[in-house]
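Observations on chain architecture
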Amino acid sequence: CGAAGHTDSCYGPINHIEHVRHVKRMQPGAQGASYGPTRPLEWGQFNVMHTTDTHGWLEGHLKEKNYGADWGDYVTFTNHMKHKAGNMGVDLLIVDTGDLHDGTGLSDATNPDGELTNDLFKELDYDLLTIGNHELYVSDVSYQVFNSFQNYWGDKYLTSNVQIFNPSTNEYEYIGKTHKYFTTAHGLRIMAFGILYDFTGNSNSTKVIKAAQMVQQQWFQDAINTKDVDMFLLLGHNIARTTTGGSTFGLVHDAIRKVQPKTPIQIFGGHSHIRDFAVIDESSTALESGCYCETLGWFSMSGFDKTNSGFTGVKNPHGVSNPTRKATTTSTSPFVYSRRYLDWNRYTFEYHSIGKQDDASFDYHSGERVTSDITGYRTELKLGELYGCVPDSYCSTCVPFTDPKNIFTVLSDALAVSVTNPARADKVKYVFCNTGGIRYDLFKGPFTYDDNFIVSPFRDVWLTIPDVPFNLASALLNGLNHGGVSKRDIFSAMPIPRDVCVDPMTAPLSEIKARGDERLGTSRRQVTETPGFTTKDDFGTDGDDTAHATVPHYSIPNYFQGVANLPTDGSTPAVADVVFVDFIQDYVLAFLGSAFTADMVKPYVSENFTSQDYLEPYVKAKWQAGMPNCPI
Ligand SMILES: O=c1ccn([C@@H]2O[C@H](COP(=O)(O)O)[C@@H](O)[C@H]2O)c(=O)[nH]1
Ligand SMILES: [Zn+2]
Ligand SMILES: [Zn+2]
């Protein structure tokens, strides 16, 4: 994952295939082993299931069965849980906090991105949603949200500080609604907002209003002064931990607290791609629920009564655990909370809904239909097309940056070899990319069209300044990495808690290959603490629904490079071509100095040669050994 793609990445070490084969033979319940969830969820008066930063992973993780559920399975799960909540007499909301694009072929092999995944999203009965920065980089994508996504959701799609230029009115308008005041099925009166952090990398068709300005706007002041609000909900593509630089939740929380000293304020965040739960004050907590359909966040709270709310449901739902923890040890507030981070697999979904692992009774037709749509889309888009065989597994942060098994070691070679212009083929060249542009690890075995997007999903154009003095070109990487952090990659430079990691339990890749686009089965394993997420948050270390062992984590720089055609005789060339993705143009120019200006920058090959286009030729040129039966 990675705010910024990687530093908070948790794509654990991958060479566990033998281990996985072993555990796949074991059945849940086998003696002496434990795997999967072991504790039922705590249900309160108010419960929430939270997704964020799904980034197109609606097909699930075909190579990591611990995250192997697909969107259809989640549709089924939410239906079960809504029924459960109804039977218990409590409220359950389903929410999402944005970043729907940029991460897999399913979302990014279409133009514009998200054409199919947006429709799959609509299959889920969300109560509230909000927008992410990935919906705002490219104008076409923002207009797609405006013209065919927000209108589907109506007043459930909240964009309190994001506007878009509407050509038919000639004005900037809110993409969705600024806020929503509603009453839940069991009488809770809620005022909800959807607040994007102060993002500045958006295209000029949209405007992001800074939180400091938003809280002064009349509509916001009116909303927070509304009478009869039992709880404020702050959804946001915004880091949940309000003390983390870049999060604007703190500012909004404080603005509400000024006028509502006691009303609960519950926050659901995202963007930094981690599992986290923060206590803000005695009546306010914040949940962040990972990324990439690896994590489903569960939140519950109780403490509502007739003195502080209109709640009409059941106070302590029976036959289940209930939340018991106050936000702080000294809290005098009536509210108690629980949170849980669920691994995204059917085993988990079954355990928490029907209480047994039985496919036949779990599945609903609605979910199966979505699964079948995903299979169809994958076939249509040819996402299973095989390009080559990855000879080993390469991660971004589970080994040191310079390790031969680090993905950037391989991708540095790929930049040198495959970011190429035949007309400049013999020129000395330095090719630069931000590590945040690389979004996932490479697994030993088949490399498909889908993997091309999974590793490098952005359509960032390769640009060049030809014939830059060699001393400048050769010092550029160091300058970029140490001469100040790119603003756009600001989150990648933040110290993100390293208590999260992806479970690398990998399906046998021969199986993936053999079955092509067919959906793989689900987690049916029993193991003792496989590597994966080990989260520590403000409530301690018991948030992960499935216990895992920690995966090592090494920090990585913000940029990496590929170099080609250096003289072999040790001489120093006079000049070199500098090549880079458009996403980092400002920083490259800033380092090169005032002698270099934007008008000197041109596409390296053409506007159509982007960061989506160099891995395929590299894999085809370098990794044909073992085809078509890739060894694993
Ligand atoms: O065109 C692009 C757009 C984004 N990036 C990288 O993505 C992160 C932001 O991702 P989040 O999921 O919102 O954390 C940005 O910092 C860049 O590292 C890119 O490389 N190219
Ligand atoms: Zn994201
Ligand atoms: Zn984001």
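Residues numbered from 1 in each chain as written. Chains lettered and ligands numbered in written order. Predicted model: local features only at pLDDT ≥ 70, side-chain atom pairs only at ≥ 80, totals over all residues. Heavy atoms only, no water.

Broken down by element type, the protein chain carries 18 helices and 23 strands. Out of the 632 residues in the protein chain, the part that is buried amounts to 62%. In the protein chain, of all internal contacts separated by at least 6 residues, the share reaching a separation of at least 24 is 80%. Working note: accessible area of the protein chain is about 22,200 Å², and carbon and sulfur atoms make up 51% of it. (Helix = DSSP H or I, 4+ residues; strand = E, 2+ residues; numbered from the N terminus. Buried < 20%, exposed > 50% of the residue type's maximum accessible area, 1.4 Å probe, protein only. Contact = heavy atoms within 4.5 Å. Areas by Shrake-Rupley, 256 points an atom, 1.4 Å probe, with all protein chains shown as cover.)

Only Asp53 (OD), His55 (NE2), Asp99 (OD) and His273 (NE2) from the protein reach the zinc ion (ligand 2) as donors, at distances of 2.1 to 2.2 Å. Of note, the zinc ion (ligand 2) draws all its donor residues from one chain, in the sequence arrangement D-x1-H-x43-D-x173-H. Here the zinc ion (ligand 2) and the zinc ion (ligand 3) are spaced 3.4 Å apart, with Asp99 acting as a shared donor. With His55 in the loop between strand S1 (46-51) and helix H2 (71-88) and Asp99 in the loop between strand S2 (91-96) and helix H3 (105-108), this residue pair connects regions lying 44 residues apart in the sequence. Using a relative accessible area of 1% as the deciding quantity, one classes Asp99 as buried. (Donors = N, O, S within 2.8 Å, 3.2 Å for Na, K, Ca; no water.)

Inspection of every chain in the model, using the stated rule, returns two disulfides. The side chain of Cys389 participates in a disulfide bridge whose partner is Cys630; the two sulfur atoms lie 2.1 Å from each other. Looking down the S-S bond of the Cys389 and Cys630 bridge, the torsion is -75°, so its handedness is left-handed. Here Cys630 lies in the segment after helix H18 (615-622) and Cys389 lies in strand S17 (residues 386-390), a separation of 241 residues in the sequence. Across the pair, Cys630 and Cys389 agree in class, each one buried. What pairs with Cys395 in a disulfide is Cys398, and their sulfur atoms sit 2.0 Å apart. With the S-S dihedral at roughly -95°, the linkage between Cys395 and Cys398 falls on the left-handed side. By relative accessible area, which is 3% here, Cys395 ends up buried. (Disulfide = S-S within 2.5 Å.)

Moving on to the confidence of the model for the protein chain. In the predicted model, the protein chain carries a mean pLDDT of 89, and the fraction of residues at 70 or more is 87%. Mean pLDDT across the elements of the protein chain bottoms out in helix H1 (residues 17-25) (25) and peaks in strand S4 (residues 157-158) (99). The low-confidence segment residues 1-34, where pLDDT is below 50, has 123 contacts with residues more than four positions distant or belonging to other chains. Low pLDDT (under 50) marks residues 485-527, which in the prediction has 168 contacts with non-local residues, meaning those over four places away or in another chain. Reported for the predicted complex are a pTM of 0.90 and an ipTM of 0.99. (pLDDT = per-residue confidence, 0-100.)

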